[in-house]
Amino acid sequence: MIDVSFLDPFQQLTIPVGEWVEAMLNYLVQNFRDVFRAARWPIDQILDLVEGVLSAIPPLIGIILSVLFGWQVAGARMGVFCAITLTLLGLIGVWEQSMVTLSLVITSLFFCVVIGVPLGILSARYDRMEKTIRPVLDAMQTLPAFVYLVPVVMLFGIGNVPGVLVTIIFALPPLVRLTNLGIRQIPADKIEAARAFGCTPQQMLVKVQLPLATPTIMAGVNQTLMLSLSMVVIASMISVEGLGQMVLRGIGRLDMGLATVGGLGLVLLAIFLDRLTQAMGERSNASGAVRWFQVGPIGFVVSLFGVSAAKQQVVKPQPKKATQE
Amino acid sequence: MSNTQEILEVNNVFKVFGSAPDKAMEMLRNGASKEHVLSETGQNVGVFDASFSVKRGEIFVIMGLSGSGKSTLVRLLNRLIEPSSGSIKLKGQTITNLADKDLLNVRRNDMSMVFQSFALMPHMSVIDNAAFGLEISGVDKKTRHERAIEALEQVGLGSYAYSRPDQLSGGMQQRVGLARALANDPTILLMDEAFSALDPLIRYEMQGELIRLQKEQERTIVFISHDLDEAIRIGDRIAIMEGGRIVQIGTPEEIMNNPADDYVASFFKGVDTTKTIKVKDIAQTSALTVAVNQHQAIDFSNNPNEFVYLLDSNNKFVGVAPSTVNGDLSLESLMANRITPQFSVNGSTSLKESISIVSESPYPVPVLDDKGGYQGTLSKEYVLSLLANN
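Residue positions are given per chain, counted from 1 along the sequence in the order it is written. Lettering for chains starts from A, numbering for ligands starts from 1, and both go in the order in which the items are written. Local features in this predicted model are restricted to residues of pLDDT 70 or higher, and side-chain atom pairs are both shown and tallied only at a pLDDT of 80 or more, whereas totals for entire chains, interfaces and linings draw on every residue. Side-chain measures were taken over the full set of non-hydrogen atoms in the model, leaving aside hydrogen atoms and water.

Caption draft 1: Structural detail: the packing of aromatic side chains. What counts as a ring pair is set by centres within 6.5 Å for rings of Phe, Tyr and Trp (its six-membered ring), and what kind of pair is set by the plane angle: stacked under 30 degrees, edge-to-face over 60, tilted for all other angles. Enumeration over the complete set of coordinates arrives at 11 aromatic pairs over all chains. On the numbers, 5.2 Å between centres and 85° between planes, the contact of Phe110(A) with Phe111(A) is edge-to-face. Taking relative accessible area as the criterion, Phe110(A) reaches 40% and is therefore assigned partly exposed. We classify Phe111(A) as buried; its relative accessible area is 13%. Seen in terms of ring centroids, Tyr309(B) and Phe317(B) are 6.5 Å apart; in terms of plane orientation they differ by 40°. Their pairing is tilted. Relative accessibility decides the category of a residue: with a 1.4 Å probe and only protein chains considered, values under 20% of the type maximum give buried, values over 50% give exposed, and everything between is partly exposed. Residue Phe317(B) is classed as buried on the basis of its relative accessible area of 11%. Ring pairs connect the aromatic residues Phe307(B), Phe343(B) and Tyr363(B), which therefore count as one cluster. As a reminder, the over-ring test applies to NZ of lysine and CZ of arginine, requiring each to be within 6 Å of the ring centre and within 35 degrees of the ring normal. Directly above the ring of Tyr204(B) sits Arg233(B), whose terminal nitrogen or CZ lies 3.7 Å from the centroid.

As structure tokens, this is what we get:
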């Protein structure tokens, strides 16, 4: 007979969550390890590709390319900003590690977008989907990373690929949430107008909802990038390389110099990525008759060669009608 | 294209909002009132037994206060809101039975809508906005841009094709909204309080623009409005709605002269009727007229009229002469003694616009149609008595 105390029933009555999880994990590890190993494959491929490209580019070429990119999407000031942050990265001697971290972040961003945007679209369309997915997203964001580091290692092993995996778990939620939000907050009259002109649900998504939600989705991308970067340090505990590894090693050896350099590298990288994605988000929000081929380095080249076709397309508004309104 | 052909027929359409519309419909069929249904079942009746038809080439205005169900009614026409029961026919095709795919085609080809809030796409240039409906229908880029430019030129925005909607003023944005609807070349144009968000001057200008477009292109338009002046100005016929019910349908004059109930009458209380009454409807036909090509003796004995109105064989007005021309009442002397300068008013002008001419003219002013045909006269005394009774 079980002796249950009424005042403190939890002495005897407990749900053995811990044991269940352990049993299930053991079962999974023993029977499905190969399945999980196989799941590494796509991440491996993308990571190899990105890392291969980034580490093959010499620092100077890398800086020049990113300056051109920054200039194109957000003007000359952004170009200068890119040059400064990346040069500093090189000067403090963490270029190589930065590229490793960057490729980890880009890979996890890639998977976050591939998974997160469709999830966001679905949860914007179906209320039930949103209700189901919300507690899962809460758990992904609040569950301490250390809790799932261990099972991930048991199932996937250690190294960069499981590192990307835990990063995806941590960084995915804001993208899903903001995609959902971005689509839901589109003014009802725009949706109604699109329906009145005979949009199919697919046309509605591609021609109206996604373009109008782009600024919000870009904010989600920005958040995902930032969270990825902050996760990189924790992920270095399962032997993920890059700047996080520097920080972890510095702390382990009480080498404050090493830790600070790694941390500084992370901050510089974060600022660089943050500004760049923010500028891209603003661009998608921007209005005006100016086209992409009229600004930045491409616009510069176009105007140099006097490509007139580009100019003809854009008719500047004339002040002729101003008197009417 | 006959002017009396009925293009849109709406028969006994109901719309019930709520979770259990069937039960509410059952009650309505058994003659329950809207208020009764709401208190019994909690279901809100949006449109109550609406029936009307729209003729080809007319502007049909649905007018009512906010909450009267007029915006719901117009959305039932293209099934942005599904009707609870009733049938809607466009060109003989029953809209209410259409499958989704056919409904999309109707929305793409036959019905275009203009919205109170403009509802332009902010991420598209003006030309892409105007071409939006065509893009949705799968028209290739070159063709749809040509047609969009055409539509933009019709509304006077041709030179703004590559601007963004947010660079334009409200009136111009609604012109884009109009161009977007016109670019599809729809059978029928649905305008939901299209000008209500504009300031009065621009609104007046846009109404004129719409009347012009309608005349040029013989458009059939269903126009929703809460503004009586607007309804009277642009509407060929007006349907007045109250509490989801259509209470009266008719031309502005018919409704004004014969309001169906106190509610309709109260609408017209503040209206300056001199603005809405057309002079052809009140012209007196008692004046003496003479056809100038008739070679017969004119008998002016017992003639109480001071003036004689001279008409040609096509009933066209050629002049006025005093009926006591030195005793010589031959046609020649009447023609020779025509009074100058000549005054006349067009039959389709409003009484208000005609008052100054009537007061200036030394004789009762002849009322003429567009081709100069004689329709009657307006004397100062008569106009004054009308105004006094008004």
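Caption draft 2: How the structure looks around the interface of chain A and chain B. Between chain A and chain B, the residue contacts involve 29 residues of the former and 39 residues of the latter. Summed over both partners, the accessible area (1.4 Å probe) lost when two parts come together is defined as the buried area. For the pair chain A and chain B, the summed buried area comes to about 3,000 Å², and 57% of that belongs to carbon and sulfur atoms. For this document, the term salt bridge refers to a Lys or Arg side-chain nitrogen within 4 Å of an Asp or Glu carboxyl oxygen. On inspection of chain A and its partner chain B, the count reaches two salt bridges. A salt bridge links Arg75(B) to Glu192(A), with the nearest nitrogen and oxygen atoms 2.4 Å apart. We call two N or O atoms a polar contact when they sit within 3.5 Å, provided that within protein one can donate a hydrogen and the other can accept it, with sequence-adjacent residues counted only if both atoms are side-chain atoms. Put simply, chain A and chain B have 10 residue pairs in polar contact (both at pLDDT 80 or more) between them. Looking at the side of chain A that touches chain B, the elements that each hand over two or more residues are helix H8 (188-196) and helix H9 (201-235) of chain A. Secondary structure counts use DSSP, requiring at least four H or I residues in a row for a helix and at least two E residues in a row for a strand, with both numbered from the N terminus. Broken down by element, the residue count for the side of chain A that touches chain B peaks at seven residues, all from H8(A). Residues belonging to the side of chain A that touches chain B are distributed by class as follows: 12 nonpolar, eight polar and nine charged. Between two residues, a contact is recorded if the distance between any of their heavy atoms is within 4.5 Å. Throughout this entry, Asp, Glu, Lys and Arg are counted as charged residues, while Ala, Val, Leu, Ile, Met, Phe, Trp, Tyr, Cys and Pro are counted as nonpolar. The remaining residues, Gly among them, count as polar.

Caption draft 3: Expanded view of helix H7 (residues 141-154) of chain B. All names here are of chain B. By this rule, a helix spans an expected 1.5 Å times one less than how many residues it contains. When the terminal C-alpha atoms of H7 are compared, their 20 Å separation across 14 residues agrees well with the 20 Å that a helix rising 1.5 Å per residue should span. All of the buried residues along H7 are Arg-144, His-145, Ala-148, Ala-151 and Leu-152. Looking straight down H7, one finds that the buried residues subtend no more than 125° of arc, so they occupy a single side. Away from its buried face by more than 90 degrees, H7 exposes Lys-142 and Glu-153. Contact partners of the buried residues in H7: helix H5 (126-130), helix H6 (132-136) and helix H8 (170-183). Phi for Gly-156, located one or two positions after H7, is positive at around 75°. The reported arc concerns the directions from the helix axis to the C-beta atoms and nothing else.

Keep in mind these numbers describe shape, not what the thing actually does.
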